[in-house]
Amino acid sequence: MPTMANLELPVPDGLVLRPFHGVRFAVDDLAEVTSPPYDLIADNDVRDLLDSHPNNVVRLILPGADRHRYAEAREILRSWLSSGVLVTDEVPAVYVYEQAGAGVLQRGLIGDVGLASPEQGVILPHEDVMPGPVADRLALMRTTEANLEPIFLLYEGRGGAATRLVDEVAATRPPLVEAGTRDGIRHRLWALTDPAELSVVDTDLRTRSALIADGHHRYATYRALQEEHRAAGPDGGTAEPGPWDFGLALLVDVDAYPPDLKAIHRVVPDLPLDEAVARARGSWQVQEHADLADGLAALEKATGPAFLLADGGSAHLLTDPDPCQLEHAMPADRSVRWRALNTSILAEFLLPKVWGTHDDERSVRIVHHDPEAAVRLARECGGTAVLLNPLSVDDVLAVAAQGERVPRKSTSFGPKPRTGLVLRLLTLG
């Protein structure tokens, strides 16, 4: 099969967000059929979502107990479409989406984003992807012929015309749908269908670029599916442009609605805390804290690279790594800013050089946001929780702008779009 390097793919002339025929749930309680993004749903949360409503979207995004029953998801999707559980909007739209709650307000636009390679500088990734999740999402997307949840993109809009339109719509028009989820967030959706308004959005966005805040694996899946279709043209030629040249995305102006950037913690199974601390003493300053709360307070105040190690008892703060050992471990071909990231130091120095392991899917477990959940997991698997401070938004933007990628699972931007509010069928064009 041709690869991205030698296959001619459409090149968007800037950041493109086009209208599409949204597919939405027609149920009494919309909140009960929605879910968090697929990769934030813990195993023990799947049953709660399934029990919340017979048509919860988790049946589509994580089909079957083994999460690999892609044909099952396709049949469920077809059944819900034919029975009227899901309905298709007759007029293509770009959707204004608002999330609001205590200390939370984010507004953006949901539409079909034109797919672009990183080299074009239009859509910038900041994390590498792993082959397993890409293969999983590609199989699901290929089988269902649908984008079941949007990726999350940020752009520097500086309060431009598109953002002003978003705010005007949210302030003056009744929403198309409204749902309050159990986390206290109110979700509202409006449809932009007027050609003049769609033109305002298109004109404002064309000269801009966007950062992938969440959904790197799904964006890689979009690109892989695009490649498959473009390589399957008549008589072995290149196919005509089609719906696979776009992907479902939420686009948010980072200047108007700064994101909440949270940490993603690690758990190293079968590495007892005492051993982890003892091996770290040769290259780090170690300070013991009586409990997790004290350790987390010290971690938050730490400057420079710092990690908190815990397993449910005392906690140990690592700071001030040996500069010679650190310099020797970090890749020389990376920028100074990249080498200073805590996740870079974790991936290149602490895990492989100090503990003899690697930050990959087999060796290290991931826990989003919740340090106490990471500690519980560490206790269950006889390992050590490695707790981190979040990266700064400025650091992530700067690294991405240089064409670099932060290590896997370095960032968790929020608030993330709720899955199930609007879907996209590739069969509708």
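Worth saying up front: this structure is predicted, and the values here are computed from it rather than measured.

Procedures and definitions
- Residues numbered from 1 in each chain as written.
- Predicted model: local features only at pLDDT ≥ 70, side-chain atom pairs only at ≥ 80, totals over all residues.
- Heavy atoms only, no water.
- Helix = DSSP H or I, 4+ residues; strand = E, 2+ residues; numbered from the N terminus.
- Rg over C-alpha atoms; globule rule 2.2 N^0.38 Å.
- Buried < 20%, exposed > 50% of the residue type's maximum accessible area, 1.4 Å probe, protein only.
- Contact = heavy atoms within 4.5 Å.
- Areas by Shrake-Rupley, 256 points an atom, 1.4 Å probe, with all protein chains shown as cover.
- Lys, Arg positive; Asp, Glu negative; His and termini not counted.
- Charge placed at Lys NZ, Arg CZ, Asp CG, Glu CD.
- Salt bridge = Lys/Arg side-chain N within 4 Å of Asp/Glu carboxyl O.
- Phe/Tyr/Trp six-rings, centres within 6.5 Å; stacked < 30°, edge-to-face > 60°.
- Lys NZ or Arg CZ within 6 Å of the ring centre and 35° of its normal.
- Pairing = 2+ DSSP bridges.
- Axes fitted to C-alpha atoms, helices over the stretch in contact; angles between N-to-C directions.
- Polar contact = N/O pair within 3.5 Å; in protein donor to acceptor, adjacent residues only side chain to side chain.
- Nonpolar A, V, L, I, M, F, W, Y, C, P; charged D, E, K, R; others polar.
- Expected span 1.5 Å × (residues − 1).
- pLDDT = per-residue confidence, 0-100.

**Focus on the overall build of the protein chain**
Turning to step 1, where the next piece is worked out: Across its full length, the protein chain carries 14 helices and 21 strands.
Turning to step 2, where the next piece is worked out: Since a compact globule built from 429 residues should have a radius of gyration of about 22 Å, the 22 Å found for the protein chain is in line with a globular shape.
Turning to step 3, where the next piece is worked out: Judged by the C-alpha coordinates and their principal axes, the protein chain covers about 65 × 45 × 45 Å.
Turning to step 4, where the next piece is worked out: Looking at the protein chain as a whole, 55% of its 429 residues are labelled buried.
Turning to step 5, where the next piece is worked out: Within the protein chain, counting contacts between residues at least 6 apart in sequence, those at least 24 apart form 78% of the total.
Turning to step 6, where the next piece is worked out: Accessible surface for the protein chain amounts to roughly 18200 Å². Of this, 49% is attributable to carbon and sulfur atoms.
Turning to step 7, where the next piece is worked out: Seen as two clouds, the 41 positive and the 63 negative side-chain charges of the protein chain have centres 1 Å apart.

**So, the pattern of salt bridges**
Turning to step 1, where the next piece is worked out: Throughout the structure, instances matching the rule amount to 26 salt bridges.
Turning to step 2, where the next piece is worked out: A salt bridge links Arg 186 to Glu 98; the nearest nitrogen and oxygen atoms lie 3.1 Å apart. Highlighted residues: Arg 186 in strand 10 (residues 186-192) and Glu 98 in strand 4 (residues 94-101), separated in sequence by 88 residues.
Turning to step 3, where the next piece is worked out: A salt bridge links Asp 260 to Lys 262; the nearest nitrogen and oxygen atoms lie 3.9 Å apart.
Turning to step 4, where the next piece is worked out: The exposure class assigned to Asp 260 is partly exposed, which follows from its relative accessible area of 40%.
Turning to step 5, where the next piece is worked out: Within this structure, Glu 98, Arg 107, Asp 167, Arg 186 and Arg 188 form a network of salt bridges that share partners.

**Some points on the packing of aromatic side chains**
Turning to step 1, where the next piece is worked out: Per the counting criterion, the structure on display carries five aromatic pairs.
Turning to step 2, where the next piece is worked out: By way of ring pairs, the aromatic residues Trp 284, Phe 307 and Phe 349 are connected into one cluster.
Turning to step 3, where the next piece is worked out: Here the guanidinium or amino end of Arg 18 rests over the ring plane of Phe 246, the centre of that ring lying 3.7 Å away.
Turning to step 4, where the next piece is worked out: In this structure, Arg 137 packs its charged tip against the face of Tyr 38, placed 3.9 Å from the ring centre.

**Digging into the sheet that holds strand 17 (residues 315-319)**
Turning to step 1, where the next piece is worked out: Taken in spatial order, the six strands of this open sheet run 15-17-16-19-14-18, and their pairing is antiparallel. Edge strands, defined here as strands with exactly one partner in the open sheet, are strand 15 (285-289) and strand 18 (365-368). Along the sheet, successive strands turn relative to each other by an average axial angle of 25°, direction set aside.
Turning to step 2, where the next piece is worked out: Across five bridges, strand 15 lies against strand 17 in antiparallel orientation. Its bridge partner being in strand 17, Glu 288 is matched across the sheet by His 316.
Turning to step 3, where the next piece is worked out: Helix-sheet contacts for helix 13 (residues 371-380) involve strand 14 (264-268), strand 16 (306-310), strand 18 and strand 19 (384-387), and the interaxial angle to strand 19 is about 160°.

**Here we look at the side chain of Thr 34**
Turning to step 1, where the next piece is worked out: Among the secondary structure elements, Thr 34 is positioned in the loop between strand 2 (23-25) and helix 1 (43-52).
Turning to step 2, where the next piece is worked out: Taking the relative accessible area as the measure of exposure, Thr 34 reaches 1% and is therefore buried.
Turning to step 3, where the next piece is worked out: A polar atom in the side chain of Thr 34 sits 2.8 Å from the side chain of Arg 418.
Turning to step 4, where the next piece is worked out: When residues no more than four places from it in sequence are discounted, the contact partners of Thr 34 are Leu 49, Asn 56, Val 57, Thr 181, Arg 418, Thr 419, Gly 420 and Leu 421.

**Notes on the packing of helix 5 (residues 161-172) against helix 6 (residues 195-205)**
Turning to step 1, where the next piece is worked out: Contact pair helix 5 / helix 6: the axes reach a minimum separation of 8 Å and the direction vectors enclose 140°. Residues Ala 161, Ala 162, Thr 163 and Leu 165 of helix 5 form the contact with helix 6, whose participating residues are Glu 197, Val 200, Val 201, Asp 204 and Leu 205.
Turning to step 2, where the next piece is worked out: The residue inventory of the contact of helix 5 with helix 6, partitioned by class, reads six nonpolar, one polar and two charged.

**Quick word on helix 4 (residues 131-144)**
Turning to step 1, where the next piece is worked out: Along its 14 residues, helix 4 runs 20 Å from first to last C-alpha, staying within 8% of the 20 Å computed at 1.5 Å per residue.
Turning to step 2, where the next piece is worked out: Of the surrounding elements, those touching the buried residues of helix 4 are helix 2 (58-61), helix 3 (70-83), strand 7 (146-147) and helix 7 (216-230).
Turning to step 3, where the next piece is worked out: Just past helix 4, the residue Glu 145 takes up positive phi, approximately 55°.

**Regarding the confidence of the model for the protein chain**
Low-confidence regions, as indicated by low pLDDT, have predicted coordinates that should not be scrutinised in detail.
Turning to step 1, where the next piece is worked out: Averaged over all residues, the pLDDT of the protein chain equals 92, while 95% of them reach at least 70.
Turning to step 2, where the next piece is worked out: Scored below 50 in pLDDT, residues 1-8 shows 17 contacts in the model against residues more than four places distant or in partner chains.

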